[in-house]
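Letter by letter, the chains look like this.
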Amino acid sequence: MKKLLIIVAGLLLPSIGWSAGGGHTYPDDKIQIDWDDKAAMQRGARTFVNYCLSCHAASYSRFNRVGRDLGISDEMVRDNLIFTTDVNGDKTKVGALMKTTMTPAYAEQAFGIVPPDLSLIARSRGINWVYNYLRGFYVDESRVGLGVNNGVFANVGMPHVLAELQGLQRPLYKTMIDDDGNEQEIIVGFELLRAGSMSKSEYDGTIHDLVAFLDYLAEPYKQTRKNVGTGVIIFLFVFLILAYLLKKEYWKDVH
Ligand code: HEC
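Computed from a predicted structure; not experimentally measured. The residue numbers shown here count from 1 along each chain, following its written sequence. The model is predicted, so local features are restricted to residues of pLDDT at least 70 and side-chain atom pairs to those at 80 or more, both for listing and for counting; the totals for chains, interfaces and linings are taken over all residues. Hydrogen atoms and water are omitted, and side-chain values are computed over all heavy atoms in the structure.

1. Quick look at the overall build of the chain
Counting from the N terminus, the helices are DSSP H or I runs at least four residues long and the strands are E runs at least two residues long. When you go through the chain residue by residue, the secondary structure sums to 10 helices and 6 strands. Its C-alpha atoms give the chain a radius of gyration of 25 Å, more than 25% over the compact-globule value 18 Å for 255 residues. Expressed along its principal axes, the backbone C-alpha trace of the chain runs to roughly 85 × 60 × 35 Å. Across the 255 residues in the chain, those meeting the buried criterion constitute 34%. Contact definition: two residues touch when any of their heavy atoms are within 4.5 Å. The long-range share in the chain, meaning contacts at least 24 apart out of those at least 6 apart in sequence, stands at 64%. Element-wise, carbon and sulfur atoms account for 60% of the exposed surface of the chain, whose accessible area totals about 16,500 Å². Positive: Lys, Arg. Negative: Asp, Glu. His and the chain ends are not part of the count. To locate a charge, take atom NZ for lysine, CZ for arginine, CG for aspartate or CD for glutamate. Each charge class in the chain was averaged separately, 27 positive and 29 negative side chains, and the resulting centres sit 8 Å apart. This radius of gyration counts C-alpha atoms alone. The globule rule is 2.2 Å times how many residues there are, raised to the power 0.38. The buried label goes to any residue with under 20% of its type's maximum accessible area, the exposed label to any with over 50%, and the partly exposed label to all in between, with areas taken from a 1.4 Å probe on protein chains only. Method for areas: the Shrake-Rupley scheme with a 1.4 Å probe, in which residue coverage is limited to the protein chains shown.

2. Regarding the coordination of the iron atom of the ligand
Any N, O or S atom lying within 2.8 Å of the metal counts as a donor, and for Na, K and Ca the limit rises to 3.2 Å; water is left out, so some sites can look incomplete. Around the iron atom of the ligand, the donor atoms from the protein are His56 (NE2) and Met158 (SD), and they sit 2.0 to 2.1 Å away. Four donors are marked tetrahedral only if all angles between them lie between 85 and 135 degrees, whereas four are marked square planar and six octahedral if opposite donors are more than 155 degrees apart and the other angles lie between 65 and 115; the remainder are marked irregular. Given 6 donor atoms and angles of 88 to 178 degrees at the metal, the environment of the iron atom of the ligand is assigned as octahedral. You can see His56 sitting in the loop between α2 (38-51) and β1 (58-62) and its partner Met158 sitting in the loop between β4 (148-150) and α8 (163-166), a full 102 residues away along the chain. You'll find His56 and Met158 in the same group, each marked buried.

3. Overview of the nonpolar core
The criterion is simple. A nonpolar core is a set of buried Ala, Val, Leu, Ile, Met, Phe, Trp, Tyr and Cys residues joined through side-chain atoms within 4.5 Å. Counting residues in hydrophobic clusters, the biggest one holds 44 residues, and the most contacted among them are Phe48, Met98 and Phe213. Of all the secondary structure elements, the ones that give two or more residues to this core are α2, α3 (63-70), α6 (121-124), α7 (127-134) and α9 (200-218). With 10 residues, the single largest contributor to this core is α9.

4. Quick notes on the site of the ligand
Residues in contact with the ligand amount to 22 residues; listed here are only the nearest, Cys52, Cys55, His56, Arg125 and Met158. Within the side chain of His56, one N or O atom sits 2.8 Å away from a nitrogen atom of the ligand. In protein, a polar contact requires one atom able to donate a hydrogen and another able to accept it; more generally it is a pair of N or O atoms within 3.5 Å, and residues adjacent in sequence count only if both atoms are side-chain atoms. In the model, an oxygen atom of the ligand is placed 2.7 Å from a nitrogen or oxygen of the Gly157 main chain. Here the shell around the ligand is built from residues that sort into 18 nonpolar, 3 polar and 1 charged. Summary of the distance rule: residues count as near a molecule or strand when at least one heavy atom falls within 4 Å of that molecule or strand. When residues are sorted by character, Ala, Val, Leu, Ile, Met, Phe, Trp, Tyr, Cys and Pro go into the nonpolar class, Asp, Glu, Lys and Arg into the charged class, and all the rest, Gly among them, into the polar class.

5. What to know about the pattern of salt bridges
Once the charged atoms of two side chains with opposite charge are near each other, the side chains can pair. Criterion for a salt bridge: a side-chain nitrogen of Lys or Arg within 4 Å of a carboxyl oxygen of Asp or Glu. One pass over the structure, following the stated rule, counts 7 salt bridges. Between Asp29 and Arg135 there is a salt bridge whose closest N-O contact spans 2.8 Å. Note that Asp29 is positioned in the loop between α1 (2-20) and α2 and Arg135 in the loop between α7 and β3 (137-139), a separation of 106 residues in sequence. Under the relative-accessibility criterion, Asp29 is labelled partly exposed at 33%. Relative accessible area serves as the criterion here: at 6%, Arg135 is assigned to the buried category. Where Arg43 meets Asp209, a salt bridge forms, and the shortest distance between an N and an O atom there is 2.8 Å. On the criterion of sequence distance, the pair formed by Arg43 in helix α2 and Asp209 in helix α9 is long-range, its members being 166 residues apart.

6. Thoughts on a nonpolar patch on the surface
Here a patch means residues that are over 30% exposed by relative accessible area and free of salt bridges, tied together within 9 Å if like-charged and within 5 Å if nonpolar (Val, Leu, Ile, Met, Phe, Trp, Tyr). Residues Ile234, Phe237, Val238, Leu240, Ile241, Leu242, Tyr244 and Leu245 make up a contiguous nonpolar surface patch of roughly 830 Å² in combined accessible area. As for its position among the elements, Phe237 is in helix α10 (residues 222-251). The exposure class of Phe237 is exposed, given its relative accessible area of 53%.

Structural data, given as structure tokens:
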């Protein structure tokens, strides 16, 4: 028993230490994704192809597969989700992978870093992190060229590509004393400097839907997996009853 406790403690400790050392980030909100809300994912897909695919690829997915999973016909996919052309200058085919047209060399030159593929971002960073990141851009004049920083990802190399929707915000600080007794300025809120085309709740909703889409993208099989899981449990339950009846039948004559 003692040995077991030590093993459990050993497994838990690193995770506690890690979260304590995580540092302060803002915003720090949590969201729920409804896996049956295909409409939200469709809206997210639209935002994604309009605002993200120019720099980031999602190269594990094909346009038509996304369409099929989210209930969008091939024609709708062609008209609403595909804005890129292939090497011959023809419109990208619905069966093509969701690649970006930007070459890594160009990205390197423009941003100093190649924007990562976003196929798995909802899993690697987590949905809450991505939700907060996309709502965490704030004006920072000291960042030459970009003019923005991020409360979740300090000194990020990504421009605030959704500024026209969200508007521009500046951080509100509070002074805190950290564990070592040093004063530290932490962000505790945002104040709108210039309004965007959306209200705060509209913008939050748009980001929620975008993250719902990214969550689907990271695990297209989640839905089927969940359904299979339920089926297996029901099967096992029915089987349990059958096995019990069978046992009774077999042992009936023995007693
Ligand atoms: C103009 C190009 C550009 C556009 C458009 C763009 N990004 Fe980025 N993005 C970047 C760059 C560059 C980075 C890398 C930043 C770094 O590591 O400093 C990045 C980083 C990220 C990261 C963090 C990745 C990680 O874990 O390191 C996420 C998440 C992200 N982008 C999501 C998005 C989403 C969602 C959109 C669409 C709303 C979008 N980006 C649009 C250039 C872009």
